[in-house]
Amino acid sequence: MAFTGNYMCTSFKQELLQAKHDFTASTGHTFKLALYDNNASFTASTTDYTATDEVAGTGYSAGGGTLTNVTPTTSGTTAFTDFDDLTFSSSTITARGALIYNTTAGGGSGTTESVVVLDFGSDKSSSAGDFTIIFPTADASNAIIRIA
């Protein structure tokens, strides 16, 4: 089954209320972004990282890349957080979407708790070049993770 949209994972929402995720920049948990092909089957009920249908290629390692946290903040009645852009350098890969997940043991239900599923809308590729994930502006209307 192909990607079918962007989702904040339901397990993540519950784990937030249990204080199991820390996005603070210098002292928070470690979050990663893994890339997947169009055969990946993710929904809001996705709970953990999986290697099934993860992309493979030059410049990309299983499990994806480590994200740099941007400390959460608020604007009006919306809380939000973001990550610095992530680049897989000199890579040859094709991806349809991604999974952001928490790799800090004890962060949630296991050691690879899903946070959000990202659908790129179509295949994105690099050929012996940089594959860059550009996160949206970190504000109340656009940040990758927003709670209003």
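Here, the structure is the one placed above.
Residues numbered from 1 in each chain as written. Predicted model: local features only at pLDDT ≥ 70, side-chain atom pairs only at ≥ 80, totals over all residues. Heavy atoms only, no water.

> I keep staring at helix 1 (residues 10–17) and nothing clicks. Help me out?
The α-helix winds at 3.6 residues per turn, so residues separated by three or four positions along the chain end up facing the same way. Looking at helix 1, one finds that the buried residues are Ser11, Phe12 and Glu15. Down the axis of helix 1, the sector holding all buried residues measures 100°, keeping them to one side. Residues of helix 1 that are buried sit in contact with strand 1 (7–8), strand 7 (113–133) and strand 8 (145–147). Following helix 1 by one or two positions, Ala19 adopts a phi angle in the positive range, close to 60°. (Buried < 20%, exposed > 50% of the residue type's maximum accessible area, 1.4 Å probe, protein only. Helix = DSSP H or I, 4+ residues; strand = E, 2+ residues; numbered from the N terminus. Arc of directions from axis to C-beta. Contact = heavy atoms within 4.5 Å.)

> Sorry if this is basic, but what is going on with the sheet that holds strand 7 here?
Backbone-to-backbone hydrogen bonds pair the strands of a sheet. The strands run either parallel or antiparallel. On the basis of which strands lie adjacent, the open sheet formed by five strands has the order 1-7-6-2-3 and antiparallel pairing. The two strands at the open ends of the sheet, each matched to only one other strand, are strand 1 and strand 3 (65–66). Pairing geometry for strand 2 (residues 31–36) and strand 3, over two bridges, is antiparallel. Looking across to strand 3, one finds that Lys32 is bridged to Thr66. Sheet strands touched by helix 1: strand 1 and strand 7. Its angle to strand 7, the strand with the most contacts, is close to 120°. (Pairing = 2+ DSSP bridges. Axes fitted to C-alpha atoms, helices over the stretch in contact; angles between N-to-C directions.)

> Just to check I follow, could you spell out the layout of surface pockets for this structure?
Where empty space is left becomes clear once a probe the size of a water molecule has been rolled over the atoms. What the largest pocket holds in volume is close to 370 Å³. Asn6, Val117, Leu118, Pro136 and Ile144 are, among the 18 residues lining the largest pocket, the residues nearest its centre. Going through the elements one at a time, strand 1 and strand 7 are the ones with two or more residues in the lining of the largest pocket. Element by element, the count of residues in the lining of the largest pocket is highest for strand 7, at eight residues. Partitioning the lining of the largest pocket into residue classes produces 13 nonpolar, three polar and two charged. (1 Å grid on protein atoms, 1.4 Å probe; cavity = no way out; pocket = protein on both sides within 12 Å on 5 of 7 lines; lining within 4 Å. Points joined across faces, edges and corners; volume = space filled by probe spheres on them. Nonpolar A, V, L, I, M, F, W, Y, C, P; charged D, E, K, R; others polar.)

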